Amino acid sequence: MEFAKLPKSAISVLSALSYGPMSSKEIAEVTNLSERTVRYALKILKSYGIVKEIFLLKDARKRVYATNLRSEDLEKAIEISSF
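All of the points below concern the structure found in this document. These figures come from a predicted structure and were not determined experimentally.

## Describing unusual backbone geometry
- The phi angle at N32 is positive, at roughly 60 degrees, despite the residue not being glycine.
- Inspection of the secondary structure puts N32 in the loop between α2 (24–31) and α3 (35–47).
- The exposed category is assigned to N32, whose relative accessible area is 71%.

## Description of α3
- In a regular helix each residue adds 1.5 Å, so 13 residues correspond to 18 Å; α3 covers 18 Å between its end C-alpha atoms and thus fits that length.
- Against α1 (8–17), α2, β1 (51–55) and β2 (63–67) lie the buried residues of α3.
- Two residues or fewer past α3, G49 is found with a positive phi of approximately 75 degrees.

## A closer look at the pattern of salt bridges
- Counted by the stated rule, this structure contains three salt bridges.
- Here K46 makes a salt bridge to E53, at a shortest N to O gap of 3.3 Å.
- Here E53 falls in the partly exposed class, since its relative accessible area comes to 29%.
- For E53, the salt bridge identified is with R63, shortest N-O distance 3.0 Å. Taken together, the positions of E53 in strand β1 and R63 in strand β2 put the pair ten residues apart, joining distant regions of the chain.
- The exposure class assigned to R63 is partly exposed, which follows from its relative accessible area of 36%.
- Here the salt bridges share partners, and the residues they tie into one network are K46, E53 and R63.

Rules of the game
Residues numbered from 1 in each chain as written. Predicted model: local features only at pLDDT ≥ 70, side-chain atom pairs only at ≥ 80, totals over all residues. Heavy atoms only, no water. Helix = DSSP H or I, 4+ residues; strand = E, 2+ residues; numbered from the N terminus. Buried < 20%, exposed > 50% of the residue type's maximum accessible area, 1.4 Å probe, protein only. Expected span 1.5 Å × (residues − 1). Contact = heavy atoms within 4.5 Å. Salt bridge = Lys/Arg side-chain N within 4 Å of Asp/Glu carboxyl O.

Listed below in C-alpha cells is the structure:
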C-alpha cells in the first residue's frame, strides 16, 4: 500500500483515528471535514484494510471505526503522506 496515493481527507481521517476508535460524526468534528467526505475516506481506507468498522452491541445501527495499523506503521503512514 502506497500511503502517498491516499487522498488528503483519508490521511486526516487516519490521523484522527490514531487517538482511538470514533464514529464518523466524531471524525467529522475532529477533522473539520463534512460527514460525506469522512464516509468516502472511510470507504477508501476500509477497501485497503487500513480501517475496520465495529458495530456497537448496544445499538447495531451505530458504528465506530478503528485503524488496523500498529502505532509505528500509523505514524509512518501519516508522515509519508504529509509530503
